[in-house]
Amino acid sequence: MDGTICGWCQKQAYFTKKARIKIFKAKNEEARVHFIPTLKDGVFVTLCAPLVINKSCGLDIHKRFVIATILSRSGEKQQHRFARDDDGILDLKNLVTSEKCDVVACESTSDFWVPIYEALIDHLPVIVGNARDMKAFTHKKTDKIDSEVIAKLALNKMVQPSRVFPKKHREFRSYVRLRLTLVRKRTDIKNEAHAILSSEMLHLGDVLTDIFGKNGRAILAGISSGKNIDQIIESLSPNVRKKSVQIREILDREISQSAAIRLQICLNLIKHLDEEIEVLEREIFNYAYQKHKREMEILMSVPGIGELGAATLIAEIGDFRDFPTGDKLASWLGIVPNVYQSADKYHNGRITKRGSKVARWILTQIAQAAARKKNSRLKEFFNRKKKTIGYAKAIIALARKIATIIWHLITNDEMYEDETGYQKGEVKKRKIVEADIFSVDERITIISGIIAIMGKKEGEST
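Residues numbered from 1 in each chain as written. Predicted model: local features only at pLDDT ≥ 70, side-chain atom pairs only at ≥ 80, totals over all residues. Heavy atoms only, no water.

**Student:** Would you explain the packing of aromatic side chains in this entry?
**Tutor:** How two aromatic rings sit relative to each other is set out by the distance from centre to centre and by the angle between their planes. Within this structure, the stated rule accounts for 5 aromatic pairs. When the ring centre of Trp332 is taken as origin, the NZ or CZ atom of Arg163, which lies over that ring, is 4.9 Å away. The ring of Phe381 is capped by Lys401, whose NZ or CZ atom sits 4.9 Å from the centre of that ring. (Phe/Tyr/Trp six-rings, centres within 6.5 Å; stacked < 30°, edge-to-face > 60°. Lys NZ or Arg CZ within 6 Å of the ring centre and 35° of its normal.)

Take a look at the structure:
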């Protein structure tokens, strides 16, 4: 007997490699029969649902409440409304267990489903389905109809379960996504600072590669604080001082009080965001190197993938071995074309864009970096595709190729090797620093601060 973790309820499923119908054993429960389709090389995907579903519960989950519909084979129907809080979720759990529902199904609506999933998964199978797939079966839009449709689909085993990551991995992924959000906010503020400088005709980009680097920030801080040109130049590095003539020509003009204030605010915000992004990166790399060290090493051996790219891919994809082939992974990421076929007509449309937006974004960034690597097979592939389908489509084609490559490398525990002789330089790894653990009092203080800010915002808007 071999063991695996069930893809739905995260419990241990026991089966033999040749059998297709297995017995699932859970503590304090009757043994449930599960269907486990067999894949090549002894890999199994567990679909942890009873072979016969006699009663199902469909949930339409909202921010404040949940609509639950219980359907049975005999035609009986119940509908209930619960508050989406601790008491409401407890009442929901008591209902589905007392009614002996075989399965509970819901849509992956934001993160609203997470506390409900965590409360129910120890008691019965919970299916979290893709909302777009479920909406295709109904044309009327009310909460009760949505809940009933989900229950019908679950009753007839027509809900394809989404992959639910373990709690720790979901937290890891939330760090990665929050970091991306803050980086984009920082970019917006930098663009605002560029606009302020352009309006004042201070073209620092003519002498500095990055006006938000060390020297650029020194110049901006000097401008906003009213320092004279000599003081600003003295604070710069020796290499930049060589351009003192050009810098004097650019700074030899007065800046308005309004522009100085706005620049100072932008600099303060950028500095604060830098500090918060650094905190997130510490948490991200601590988890990545402690839990997925080998995967990080393999991914960073591929051209175009650095530390952040590797950590982001692991956060968004999770266990690469969940996919039987690299093409299945590419399909899950939404970087394969839509297919339209009728009779003898066959047409490939745009990419599906299903799955994680963040994963597609980082793969596109990686593909653009890989396309610039000299003497690599990936660049040769990109150049060949670019001649026939253009730059943009060639980048997506390269992203798909990289997705299939990294699937093969990780599932076979191999490092990337390029036949053209391309050698990737050593990637500088971050030092792992122990993360700060907030006490209960500190967490309460944080929540109180958020509530105070929200209350202030509501008061200002009235």
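What follows continues from the structure just given.
**Student:** Any chance you could explain the nonpolar core here in plain terms?
**Tutor:** Generally speaking, nonpolar side chains in soluble globular proteins are found buried as a group. Core analysis: the biggest nonpolar cluster contains 48 residues, and Phe172, Met296, Leu313, Leu398 and Ile402 have the highest contact counts within it. Those elements that provide at least two residues to this core are helix H5 (167–199), helix H10 (257–291), helix H11 (293–300), helix H12 (307–317), helix H13 (326–333), helix H14 (357–370), helix H15 (377–389) and helix H16 (391–411). With 11 residues, H16 is the largest single contributor of residues to this core. Residues in contact with Met296, not counting those within four places in the same chain, are Phe285, Ala288, Tyr289, Glu307, Ala310, Ala311 and Ile314. (Core = buried A, V, L, I, M, F, W, Y, C linked by side-chain atoms within 4.5 Å. Buried < 20%, exposed > 50% of the residue type's maximum accessible area, 1.4 Å probe, protein only. Helix = DSSP H or I, 4+ residues; strand = E, 2+ residues; numbered from the N terminus. Contact = heavy atoms within 4.5 Å.)

**Student:** What should I look at first to understand the pairing of strand S10 (residues 337–342) in this one?
**Tutor:** Remark: a regular strand shows side chains that alternate across the two faces of the sheet. In terms of strand pairing, S10 meets strand S11 (residues 345–351) through 5 bridges, oriented antiparallel. Residue pairing across strands places Gln341 opposite Tyr346, the latter belonging to S11. Taking the residues that link successive antiparallel strands as the turn, the S10-S11 hairpin has 2 residues, and the phi of Ala343 there is positive, at about 55°. (Pairing = 2+ DSSP bridges.)

**Student:** I'm lost on the pairing of strand S9 (residues 126–129) in this one. Help?
**Tutor:** Here S9 shows two buried faces, one formed by Val126 and Val128 and the other by Ile127 and Gly129. Alignment of strand S8 (residues 103–107) against S9, held across 4 bridges, turns out to be parallel. Directly across from Cys106, in S9, lies its bridge partner Val128. In this view, the connection linking S8 to its parallel neighbour S9 by way of helix H2 (residues 114–120) has right-handed handedness. (Right-handed = clockwise from strand over helix to strand, strands pointing away.)

**Student:** When you look at the packing of H14 against H16 in this model, what are you seeing that I'm missing?
**Tutor:** Between two packed helices, what matters for the description is the angle formed by their axes and the separation of those axes. Where H14 meets H16, the closest approach of the two axes is 8 Å, and the angle between their N-to-C directions is 105°. Judged by the inter-axis angle, H14 sits roughly perpendicular to H16. The residues of H16 that touch H14, namely those facing Leu363, Thr364, Ile366, Ala367, Gln368 and Ala370, are Tyr391, Ile395, Ile396, Leu398, Ala399, Ile402 and Ala403. The residue inventory of the contact of H14 with H16, partitioned by class, reads 11 nonpolar, 2 polar and no charged. (Axes fitted to C-alpha atoms, helices over the stretch in contact; angles between N-to-C directions. Parallel < 35°, antiparallel > 145°, perpendicular 65-115°, else oblique. Nonpolar A, V, L, I, M, F, W, Y, C, P; charged D, E, K, R; others polar.)

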